[in-house]
Amino acid sequence: GPLLVMLHGALQDGATFRAQTRFARLADLGAHLVWPDGLANQWADGRRPEERSGRAPPANVDDTRFLDQVIERALAETGADPRRVHLVGGSAGGMMSLAYACARADRVAGVVAFISAMPRSLLDRCRPAAPVRVTVVNGTADPVIPFEGSSFANPRRLAIPATAETIAFWRRANGCEADDAPRHALPDINPRDRTTVTIAPSRCPRGREVTLIRVEG
């Protein structure tokens with residue numbers, strides 16, 4: 001089965017991420033999951049201070065190499081398919097997932113980043129060596145990762161480009177067309193939560209899909 005590397009958000013650890021989500025159920029479907037911990041509950045993904053909440057990880061930490069080792073060990077111990085390595089990250093974990101895909105595109109089949117986007121420092125330096133399937137799940141009313149982006153001039157928000165810039169980057173990197181494929185809305189199974197979900201796919205070559213799952217509200 002596939003290997004899913006589950007990356008926690010800032011100020012969390014792997015155990016907390018596992019307890020606060022339902023992702024562990026994916027093991028029942030044959031997936032192998034690992035839940036690594038970032039030092040100081042952060043990830044060394046190359047962000048600048050204004051792009052980060054809380055303290056930075058210790059100096060000289062190489063979390064790309066750390067995740068190399070996590071993946072190598074997990075593949076050896078679980079027998080997971082090395083062609084089906086996926087990173088799943090929330091918030092800062094999503095940023096680290098995308099940063100790892102930039103550095104190790106030839107080792108990653110796909111990334112799912114939620115409550116997350118690529119900071120400017122990552123957009124500027126990312127040069128993936130191969131296509132990577134990318135799915136971004138973001139909310140239009142998120143106060144921490146603003147859907148339309150935010151500058152450092154707003155001290156209550158991280159300096160982060162709009163979600164659309166992350167999608168546009170990976171469309172270019174994967175050889176996709178620039179505009180959305182036809183969108184479709186998911187059924188609103190809980191109208192009381194005042195949110196709806198729209199899937200915005202891309203026109204990409206097979207195996208290079210870039211998808212935005214947009215949570216309205």
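Undergrad: Could you give me a rundown of the sheet that holds strand 6 (residues 184-185), with the residues and numbers involved?
TA: Read from one edge to the other, the open sheet built from eight strands follows the order 2-1-3-4-5-8-7-6, with strand pairing classed as mixed. Looking at strand neighbours, the two that pair on one side only are strand 2 (32-34) and strand 6, the edges of this open sheet. Each of strand 1 (3-7), strand 3 (85-90), strand 4 (110-114) and strand 5 (133-139) touches helix 3 (residues 92-103); the most contacted strand, strand 3, lies at about 150° to it. In this fold helix 5 (residues 163-173) packs onto strand 5, strand 7 (196-200) and strand 8 (210-216), with an angle of close to 165° to the strand it touches most, strand 8.

Undergrad: Can you tell me about helix 5, naming the residues and giving the values?
TA: By the burial criterion, the buried members of helix 5 are Thr163, Thr166, Ile167, Phe169, Trp170 and Arg171. Those residues of helix 5 that are buried lie in contact with helix 3, helix 4 (120-125), strand 5, strand 7 and strand 8. Taken from the residues just after helix 5, Gly175 is the one with a positive phi, measuring 75°.

Undergrad: Tell me what's going on with the nonpolar core, and back it up with residues and numbers.
TA: One broad trend across soluble globular proteins is that nonpolar side chains are buried collectively. Counting residues in hydrophobic clusters, the biggest one holds 39 residues, and the most contacted among them are Leu3, Leu87, Met118 and Trp170. It is helix 3 that contributes the most residues to this core, seven residues altogether. In contact with Leu3, not counting residues within four places along its chain, are His32, Val34, Ile71, Ala74, Leu75, Ala80, Arg84, Val85 and His86.

Undergrad: Run through the layout of surface pockets, naming residues and quoting values.
TA: One water molecule sets the probe size; rolling that probe over the atoms shows where empty space is left. Considering only enclosed or pocket space, the largest pocket measures out at about 460 Å³ in volume. Forming the walls of the largest pocket are 22 residues, and the residues nearest its centre are Phe17, Thr21, Gly90, Phe114 and Ile115. Mapped onto the lining of the largest pocket, the elements with two or more residues apiece are helix 1 (14-20), strand 3, helix 3 and strand 4. Its residues assigned to classes, the lining of the largest pocket comprises 14 nonpolar, seven polar and one charged. Considered as a void within the structure, the second largest pocket measures approximately 200 Å³ in volume. Every residue along the wall of the second largest pocket is listed here: Leu4, Met6, Phe23, Leu26, His86, Leu87, Val88, Gly110, Val111, Val112, Arg133 and Thr135.

Undergrad: Explain helix 3 to me, and be specific about the residues and the numbers.
TA: Compared with the 16 Å implied by 1.5 Å per residue over twelve residues, the 17 Å span of helix 3 between its first and last C-alpha is a close match. Most of helix 3 is tucked away, with eleven of its twelve residues classed as buried. Burial in helix 3 covers these residues: Ala92, Gly93, Gly94, Met95, Met96, Ser97, Leu98, Ala99, Tyr100, Ala101 and Cys102.

Undergrad: Talk me through the pairing of strand 8; I want residue IDs and the actual numbers.
TA: A regular strand carries its side chains on alternate faces of the sheet. Bridge count between strand 5 and strand 8: six bridges; the pairing is parallel. Each bridged residue has a counterpart across the sheet, and for Asn138 the counterpart in strand 8 is Arg214.

Undergrad: Help me get a handle on the packing of aromatic side chains, residues and values and all.
TA: Summed over all chains, the structure comprises five aromatic pairs. Ring centres of Phe17 and Trp35 lie 5.7 Å apart, and the angle between their planes is 75°; on these two criteria the pair is classed as edge-to-face. Of the two residues, Phe17 is situated in helix 1 and Trp35 in the loop between strand 2 and helix 2 (63-78); the sequence distance between them amounts to 18 residues. A residue is classified by how much of its surface remains accessible, and Trp35, at 17% relative accessible area, is buried. Measuring from ring centre to ring centre gives 5.2 Å for Phe169 and Trp170, while their planes differ by 80°; the resulting arrangement is edge-to-face. By the burial criterion, Phe169 is buried, and Trp170 matches it. Put simply, the rings of Phe17, Phe23, Trp35 and Phe114 pair up and form one aromatic cluster.

What counts as what
- One numbering rule holds for all chains: residues counted from 1, following each sequence as written.
- Selection of residues for local features in this predicted model requires a pLDDT of at least 70, selection of side-chain atom pairs for listing and counting requires 80 or more, and totals for whole chains, interfaces and linings are taken over all residues.
- Hydrogens and water are ignored here; the side-chain numbers use all heavy atoms of the structure.
- Strands were regarded as paired on the criterion that DSSP finds at least two bridges between them.
- Helical segments are the DSSP runs of H or I of at least four residues, strand segments are the runs of E of at least two, and each set is numbered from the N terminus.
- The contact definition used throughout considers only heavy atoms, calling two residues in contact when any of these lie within 4.5 Å.
- Helix axes are fitted only over the stretch in contact, all axes being lines through C-alpha atoms; the angle between N-to-C directions runs from 0 to 180 degrees.
- Relative accessibility decides the category of a residue: with a 1.4 Å probe and only protein chains considered, values under 20% of the type maximum give buried, values over 50% give exposed, and everything between is partly exposed.
- In plain words, nonpolar cores are sets of buried Ala, Val, Leu, Ile, Met, Phe, Trp, Tyr and Cys residues tied together by side-chain atoms within 4.5 Å.
- Cavity and pocket criteria rest on a 1 Å grid covering protein atoms alone: a 1.4 Å probe that fits but cannot get out defines a cavity, protein on both sides within 12 Å along at least 5 of 7 lines defines an open pocket, and an atom within 4 Å of a point defines a lining residue.
- Grid points are joined across faces, edges and corners, and a volume is the space filled by probe spheres set on the points.
- Residues were grouped as follows: Ala, Val, Leu, Ile, Met, Phe, Trp, Tyr, Cys and Pro as nonpolar; Asp, Glu, Lys and Arg as charged; and all remaining residues, including Gly, as polar.
- One fewer than the residue count of a helix, multiplied by 1.5 Å, yields its expected span.
- Ring pairs are drawn from Phe, Tyr and Trp, using the six-membered ring of Trp, whenever the two centres fall within 6.5 Å, and their geometry is named by plane angle: stacked under 30 degrees, edge-to-face over 60, tilted for the rest.

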